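# Structural overview
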Amino acid sequence: MSVRILAVGDVCGEPGLEFLDKRLRDYRKENAIDFVVVNGENANVVGITPRQADRILHAGADVITLGNHTWTRTELQPYLDERRRILRPANFAPQCPGKGINVYHTDFGDICVLNLMGRFTLDTNTDNPFVIADGYMEEIREKIILVDFHAEGTSEKRAMGFLLDGRASAVWGTHTHVQTSDACVLPKGTGYITDLGMTGAVHSVLGIDPEQSIGKFFGDPPQRYNAAKGPAKLEGCVFMINPETGRCESAEGVRLL
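What comes next is a walk through the structure. (Residues numbered from 1 in each chain as written. Predicted model: local features only at pLDDT ≥ 70, side-chain atom pairs only at ≥ 80, totals over all residues. Heavy atoms only, no water.)

As a further point, take the packing of helix H1 (residues 13-30) against helix H2 (residues 50-59). Their axes nearest at 8 Å, the elements H1 and H2 cross at an angle of 25 degrees. Between H1 and H2, the angle is such that the two are roughly parallel. Seen from H1, the contacting residues are Glu14, Leu17, Glu18, Leu20, Asp21, Leu24 and Arg25; seen from H2, they are Gln52, Arg55, Ile56, Leu57, His58 and Ala59. Its residues placed into classes, the contact of H1 with H2 shows six nonpolar, two polar and five charged. (Axes fitted to C-alpha atoms, helices over the stretch in contact; angles between N-to-C directions. Helix = DSSP H or I, 4+ residues; strand = E, 2+ residues; numbered from the N terminus. Parallel < 35°, antiparallel > 145°, perpendicular 65-115°, else oblique. Contact = heavy atoms within 4.5 Å. Nonpolar A, V, L, I, M, F, W, Y, C, P; charged D, E, K, R; others polar.)

On to the environment of leucine 24, then. One can find leucine 24 in helix H1. The sequence separation of leucine 24 and leucine 234 amounts to 210 residues, and the corresponding C-alpha distance is 8.8 Å. Residues in contact with leucine 24, not counting those within four places in the same chain, are Leu6, Phe19, Val36, Ala59, Gly60 and Ala61.

Right, let's talk about the pattern of salt bridges for a bit. By the definition in use, this model includes eleven salt bridges. The partner of aspartate 195 in a salt bridge is lysine 157, with the nearest N and O atoms 2.7 Å apart. Residue aspartate 195 is located in the loop between strand E10 (191-193) and strand E11 (198-201), and its partner lysine 157 is located in helix H5 (residues 154-163); the two are separated by 38 residues in the primary sequence. Both residues of the pair, aspartate 195 and lysine 157, belong to the buried class. Residues aspartate 182 and arginine 158 are paired through a salt bridge, measuring 3.1 Å at the closest nitrogen-oxygen approach. Linking aspartate 182 in the loop between strand E8 (170-174) and strand E9 (184-185) with arginine 158 in helix H5, this pair joins segments that are 24 residues apart in sequence. Owing to a relative accessible area of 32%, arginine 158 belongs among the partly exposed residues under this scheme. Each of the salt bridges in this network shares a partner with another, and the network as a whole consists of Glu14, Asp21 and Arg55. (Salt bridge = Lys/Arg side-chain N within 4 Å of Asp/Glu carboxyl O. Buried < 20%, exposed > 50% of the residue type's maximum accessible area, 1.4 Å probe, protein only.)

Everything listed here is a matter of coordinates, which is why it stays silent on function.
Next up, the structure:
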């Protein structure tokens, strides 16, 4: 029997958190989802607090992944060391709090989750994610391997997908908040989508109030981002994975309104 994995796109602000509270557990039950990974790095619009992380886990996530806003909320740093179910990108320096990879025990076998961050245009002081990913694949022994690659460039994400094709069970992109239409199984058996999309306000610019975003492009002075209001959505992808081989059998983008 296949294992059903749900990967959920970046949660953005209170609208995204509320949508998870109301819908994730029911969706998980109705669709027999076995394991859920949620990217939570925008739960506070920019960054995430420990309280918001707990809220995402309570809503039905098994693991939270992060990205370039990991260090925005300093109170998160001890939380990263205390909790196994939240990951920050593995290619941050080793002295940084938390872990970028972990193994989770389930009724259908162990699952390894790896969180990585791209370097193209993100201007971050990180190790090369391709070198890090390649090295981990030589060490991981679990059959089911899931990779959240938090990156800007579509070419960088697709290149990572092909690097890990046949080695990871599923690779998905986060960060750009716009769901791509390329959910598929790559030639060697890895499920893939360039970007999951986001979980937040429908009528927004990447989850942000449209007027504020327009003002930024007009040249308004910088200010703290505000999450847009109104109806919300959840975007992500469901991967069907064979637990015996670790190969993906299907990948399908999802959008809940």
